[in-house]
Amino acid sequence: MAQRTSQRSFIFAIHPTHGLLLLRAYKKKKGTHHQLPGGRVDAEELELDDAHRRAAARELREETGIDVSPARLKDATDREGKIVRRKNREYFFLELRDADGAGPDRDHVNAGNPFTLALSGEHTGFTFERDLAKAENMIGLHSDGENAVALRALRGGACGTLASRGDARELLDELWRRV
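From a predicted model like this one, the values you see are computed outputs, not experimental measurements.

Caption draft 1: Summary view of the overall build of the protein. A count of helices and strands for the protein gives five helices and eight strands. Reading the helices (α) and strands (β) of the protein from amino to carboxyl end gives β-β-β-β-α-β-β-β-β-α-α-α-α. The 179 residues of the protein split such that 53% are buried. The contacts in the protein between residues at least 6 apart in sequence include a share of 61% that link residues at least 24 apart. Summed over its atoms, the accessible surface of the protein is roughly 8,600 Å², and 48% of this surface lies on carbon and sulfur atoms.

Caption draft 2: Inspection of the pattern of salt bridges at higher detail. In the structure shown here, the tally under the stated rule is 13 salt bridges. One salt bridge in this structure joins Glu45 and Arg58, with 2.8 Å as the shortest N-O distance. With a gap of 13 residues between them, Glu45 in the loop between strand S4 (38–42) and helix H1 (51–64) and Arg58 in helix H1 connect regions that are remote in the sequence. By the burial criterion, Glu45 is buried, and Arg58 matches it. Two residues, Asp50 and Arg54, come together in a salt bridge whose shortest N-O distance is 2.7 Å. Looking at Asp50, the relative accessible area reads 28%, which means it is partly exposed. Overlapping salt bridges, with partners in common, bring together Asp42, Glu45, Arg58, Glu59 and Glu62 in one network.

Caption draft 3: Inspection of the layout of surface pockets at higher detail. In this structure, the largest pocket encloses a volume near 460 Å³. As for the largest pocket, its lining consists of 21 residues, and the residues nearest its centre are Arg4, Gly39, Arg40, Glu59 and Glu122. Tallied by class, the residues present in the lining of the largest pocket amount to four nonpolar, six polar and eleven charged.

Caption draft 4: Summary view of the packing of aromatic side chains. The tally for this structure, following the rule as stated, stands at four aromatic pairs. Seen from their ring centres, Phe115 and Phe128 are 5.3 Å apart, and the 90° between their planes marks the pair as edge-to-face. Within this pair, whereas Phe115 is found in the loop between strand S7 (89–95) and strand S8 (125–129), its partner Phe128 is found in strand S8, the two being separated by 13 residues in sequence. Accessibility classification places Phe115 together with Phe128 in one group, the buried group. For the ring pair Phe126 and Phe128, a centre distance of 6.1 Å and an interplane angle of 85° mean the geometry is edge-to-face. Both residues of the pair, Phe126 and Phe128, belong to the buried class. Among the aromatic side chains, those forming a connected cluster through ring pairs are Phe10, Phe12 and Tyr91.

Caption draft 5: Just unusual backbone geometry, in detail. With a phi angle near 50°, Lys87 is a residue other than glycine that sits in the positive phi range. If you trace the backbone, Lys87 turns up in the loop between strand S6 (85–86) and S7.

Caption draft 6: Spotlight on helix H3 (residues 146–155). In terms of residue burial, H3 counts as a mostly covered element, since seven of its ten residues are buried. Of the residues making up H3, those classed as buried are Glu146, Asn147, Ala148, Ala150, Leu151, Leu154 and Arg155. In the stretch just after H3, Gly156 is the one whose phi turns positive, near 140°.

Caption draft 7: Geometry of the confidence of the model for the protein. This prediction gives the protein a mean pLDDT of 85; 82% of its residues lie at or above 70. At the level of individual helices and strands, the protein shows its lowest average pLDDT in helix H4 (residues 162–165), which scores 40, and its highest in H1, which scores 96.

Conventions adopted
- Residues numbered from 1 in each chain as written.
- Predicted model: local features only at pLDDT ≥ 70, side-chain atom pairs only at ≥ 80, totals over all residues.
- Heavy atoms only, no water.
- Helix = DSSP H or I, 4+ residues; strand = E, 2+ residues; numbered from the N terminus.
- Buried < 20%, exposed > 50% of the residue type's maximum accessible area, 1.4 Å probe, protein only.
- Contact = heavy atoms within 4.5 Å.
- Areas by Shrake-Rupley, 256 points an atom, 1.4 Å probe, with all protein chains shown as cover.
- Salt bridge = Lys/Arg side-chain N within 4 Å of Asp/Glu carboxyl O.
- 1 Å grid on protein atoms, 1.4 Å probe; cavity = no way out; pocket = protein on both sides within 12 Å on 5 of 7 lines; lining within 4 Å.
- Points joined across faces, edges and corners; volume = space filled by probe spheres on them.
- Nonpolar A, V, L, I, M, F, W, Y, C, P; charged D, E, K, R; others polar.
- Phe/Tyr/Trp six-rings, centres within 6.5 Å; stacked < 30°, edge-to-face > 60°.
- pLDDT = per-residue confidence, 0-100.

Structural data, given as structure tokens:
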């Protein structure tokens, strides 16, 4: 088993049609809540220059069955182009493609949505959320609220408006302009 560290990596996985991918989980202290794909960086990964990016891709594969090259993960940046980081967490964004779907699981809000995942045992389902303010609230219990703060920064900071960046497609378009 890999040695765990306090470093973490998370992905804002956005599908241009469906929205931001959120994983559903249950924990005794938090109850049912939603999470971003991601998790801990292993000690042996820290020896690599792109440790956080590799860890994020590994965690995405382990949690969802989505297998992407770390090169597809782009640094998550705010409106000023500053990389979004929170404490010991680094964030990336990934534009999901229809072909990225994997596995038999159809346990999400819109069962008619053809995008499927091969969920890990730690997750009870998933959903896509187009309203990023709602997504921010949905992930508030995860990672001590730091991921919600990071999503707010990605959307445009604490004073960012929904009118300008409330929809996942709009955010995805803007993120690509930043890269």
